[in-house]
Amino acid sequence: MNTALKSIALGALLACSAVAAQAQTVTLKVHHFLAPTAMQHTRMLKGWCDDLAKDSANRIQCQIFPAMQLGGTPPQLFDQARDGVVDVVWTLPGSTPGRFSKMEVFELPFLMSNAEATSAAAWDYYEKNAKDEFKDVKVIALHTHGPGNVFTAKKPVKTLEDLKGLKLRGPTRPVTKLLTTLGATPVGMPLPQVPDALSKGVIDGAVTTYEVSPSIKLDELTHFTAEGDPALPGLYTALFVTAMNKARYDGLPADLKAVIDKHSGRDVSMRFGRMMGDNDVPGKARMVAAKNTISVIPKAELLRWQQASANVDDEWVTEVSKKGADGKALLADARALIAKNTKK
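Residues numbered from 1 in each chain as written. Predicted model: local features only at pLDDT ≥ 70, side-chain atom pairs only at ≥ 80, totals over all residues. Heavy atoms only, no water.

### A closer look at the sheet that holds strand β4 (residues 137–144)
Move 1: Taken together, the five strands give an open sheet; going across it, the order is β2-β1-β3-β10-β4, and neighbouring strands pair in mixed fashion. The sheet is open, and its two edges are formed by β2 (60–65) and β4, each paired on a single side. Neighbour-to-neighbour, the strand axes of this sheet turn through a mean angle of 20°, independent of strand direction.
Move 2: As paired elements, strand β3 (residues 88–91) and strand β10 (residues 239–245) share four bridges and run antiparallel to each other. Bridge assignment links V88 to a residue of β10, and that residue is M244.
Move 3: The strands touched by helix α4 (residues 115–130) within the sheet are β4 and β10, with β4 carrying the most contacts at an inclination of about 145°. (Pairing = 2+ DSSP bridges. Helix = DSSP H or I, 4+ residues; strand = E, 2+ residues; numbered from the N terminus. Axes fitted to C-alpha atoms, helices over the stretch in contact; angles between N-to-C directions. Contact = heavy atoms within 4.5 Å.)

Pasting the structure below:
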């Protein structure tokens, strides 16, 4: 074959390769710990996957696996994404205590305002202060849920004294510390274990949100709810991350990377937070329909709780500072970002 023909053949081969790359279709395995009926499965993650499909002309598809169907435990989800066991996970950084120390600030008590604003603040804070904690993955979103409440089976909680001795499930390390300072006995456990623990009397109640309460049968297994006066920041919130395997992302064609990028970041974080916050409304309606007695802790009483738990912030500042960060400045920045993003 002469040189001209070789050049033509090489050009044709390269052109075919380029077309093949452009036509590449990928299927992302998405893994999470909630039930297949949960809003996070049916609407939030599915909606994100639908957006990817739409903007990629169906070249990005998802298979969403709920309830740890691909194996492992909820605390292992982040590493499943990091190690390429799955492509994308939705999980809580707080499931592995001490690993994401700087981002843990958003789980401190009496810090969050509402889920959408706090999620925007969490993304801004991550971009500014905590990218190193997630360097091993492609971060899609960071968001929170709405204000946490106290759900109890046998007795209402209306004052600080009512918490004394109650065995309450806490979702993360800052929340279990909060419960200790308030006089309760914290019991750390993943959310799916709560119904069995309540039905067997292992715990007296759980600290969680209205939005997730129906999925763990709190409308059946508890009879009392204590929620905070909305004039003050929420009792607590939890931080969630949607993370993608870095090698999987890096291996995509440029146009598919662009689709992932379009559906990653601040706006997606805010949307996920807003969806979780809005889902408190039907969750609360289920509790009302079940004749669950709801008590709103008034501002004056809630300030007592806030004062009693003040050392949780101090401990976090000390721990983070020992790791080389300026804990006091990070806490101040998180508060300022939440205030900035909260609509008055």
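More follows now that the structure is in view.
### Things to note about the pattern of salt bridges
Move 1: What the rule picks out here adds up to 24 salt bridges.
Move 2: Linking D255 and R59 is a salt bridge whose minimum nitrogen-to-oxygen distance equals 2.6 Å. Within this pair, whereas D255 is found in helix α9 (residues 254–262), its partner R59 is found in the loop between α2 (39–55) and β2, the two being separated by 196 residues in sequence.
Move 3: With a relative accessible area of 26%, D255 lands in the partly exposed category.
Move 4: Within this structure, E104, R173, K177, E315 and E319 form a network of salt bridges that share partners. (Salt bridge = Lys/Arg side-chain N within 4 Å of Asp/Glu carboxyl O. Buried < 20%, exposed > 50% of the residue type's maximum accessible area, 1.4 Å probe, protein only.)

### Thoughts on the packing of α4 against helix α10 (residues 266–278)
Move 1: The geometry of α4 relative to α10 is characterised by a closest axis approach of 7 Å and an angle of 150° between their N-to-C directions. Our classification of the angle between α4 and α10 gives roughly antiparallel. For the pair α4 and α10, the sense of crossing is right-handed. Every residue of α10 that contacts α4 at A115, E116, S119, A120, W123 and D124 is listed here: R266, S269, M270, G273, R274 and G277.
Move 2: By residue class, the composition of the contact of α4 with α10 is four nonpolar, four polar and four charged. (Parallel < 35°, antiparallel > 145°, perpendicular 65-115°, else oblique. Left-handed = near helix turned anticlockwise from the far one by under 90°. Nonpolar A, V, L, I, M, F, W, Y, C, P; charged D, E, K, R; others polar.)

Don't take any of this as a statement about function, it's just geometry.
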